[in-house]
Amino acid sequence: MRAWPLVHEVVLDPATEPFVKASGDTVYAHYRKNPEMKELMQQAMSRVFMLFMKAILDGYDEFSEVERLVDVGGSTRTASE
């Protein structure tokens, strides 16, 4: 939460990392030290992903023939069928 007030700084300087400024550590280092926070974030992102993907797949005709769509960059290997 401490990083949110600093997010605007990325627009001014793309090299800025608000999370690092707020916590003194990268997000990934923070998650290594706090696996329960990593799990919580993965659950939250997974739920958000599923809602957005459903809306995109329902509203965009070009995906009508797609049988399986995989978020390759996802850390939980979630698939939407």
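The model shown is predicted, which means the values in this text are computed figures rather than measured ones.

Colleague: Quick one: what's the story with the overall build of the protein chain, residue by residue and with numbers?
Modeller: A count of helices and strands for the protein chain gives four helices and two strands. The order of helices and strands in the protein chain, counted from the N terminus, is α-α-α-α-β-β. By the burial criterion, 14% of the 81 residues in the protein chain qualify as buried. For the protein chain, the exposed area adds up to about 6,900 Å²; of that, 60% sits on carbon and sulfur atoms.

Colleague: Got a sec to walk through the confidence of the model for the protein chain? Specific residues and values, please.
Modeller: With 88% of its residues at a pLDDT of at least 70, the protein chain reaches an overall mean of 81. When mean pLDDT is taken per element in the protein chain, helix H3 (residues 27-33) scores highest with 90 and strand S2 (residues 79-80) scores lowest with 52.

Colleague: Lay out the side chain of Asp-25 with the relevant residues and their values.
Modeller: Tracing the chain through its elements places Asp-25 in the loop between helix H2 (18-23) and H3. Those residues in contact with Asp-25 that lie beyond four places of it in its chain are Phe-19, Val-20, His-30 and Lys-33.

Colleague: Could you give me a rundown of the environment of Met-37, with the residues and numbers involved?
Modeller: Relative to the helices and strands, Met-37 resides in helix H4 (residues 35-59). With residues up to four places along the chain from it excluded, the contact list for Met-37 reads His-30 and Tyr-31.

Colleague: Tell me about the pattern of salt bridges, residues and numbers included.
Modeller: Counting across every chain of the model gives three salt bridges. A salt bridge links Lys-33 to Asp-25; the shortest N-O distance between them is 2.4 Å. For Lys-33, a relative accessible area of 57% corresponds to the exposed category.

Colleague: Which residues make up a nonpolar patch on the surface, and what values do they have?
Modeller: Among the surface-exposed residues, Val-48, Phe-52, Ile-56 and Tyr-60 lie close enough to one another that they form a single nonpolar patch of about 390 Å² accessible area. Turning to its location among the elements, Phe-52 is positioned in helix H4. Since its relative accessible area comes to 55%, Phe-52 is described here as exposed.

Colleague: Describe the side chain of Glu-9, naming the residues involved and giving the relevant values.
Modeller: Among the secondary structure elements, Glu-9 is positioned in helix H1 (residues 8-12). Residue Glu-9 is classed as buried on the basis of its relative accessible area of 18%. With residues up to four places along the chain from it excluded, the contact list for Glu-9 reads Thr-16 and Lys-21.

Reading the values: rules and limits
Here the residue numbering is sequential within each chain, running from 1 through the sequence in written order. Whole-chain, interface and lining totals are the exception, using all residues; otherwise, since this is a predicted model, local features are given only for residues with pLDDT of at least 70 and side-chain atom pairs are given and counted only at 80 or more. Only hydrogens and water are removed before side-chain values are computed, so all heavy atoms of the structure are retained for them. Under the DSSP-based scheme used, a helix requires at least four consecutive residues in state H or I and a strand at least two consecutive residues in state E, with every element numbered from the N terminus. Burial classes: relative accessible area under 20% of the type maximum marks a residue as buried, over 50% as exposed, and values in between as partly exposed (1.4 Å probe, protein chains only). Using the Shrake-Rupley algorithm and a 1.4 Å probe, accessible areas are obtained, with residue cover drawn only from the displayed protein chains. The predictor's confidence in any single residue is recorded as pLDDT, a number from 0 to 100. Note on contacts: a residue pair is in contact if any heavy atoms of the two residues lie within 4.5 Å. A pairing counts as a salt bridge when a side-chain nitrogen of Lys or Arg comes within 4 Å of a carboxyl oxygen of Asp or Glu. Residues enter patches when they are more than 30% accessible in relative terms and free of salt bridges; like-charged ones are connected within 9 Å and nonpolar ones (Val, Leu, Ile, Met, Phe, Trp, Tyr) within 5 Å.

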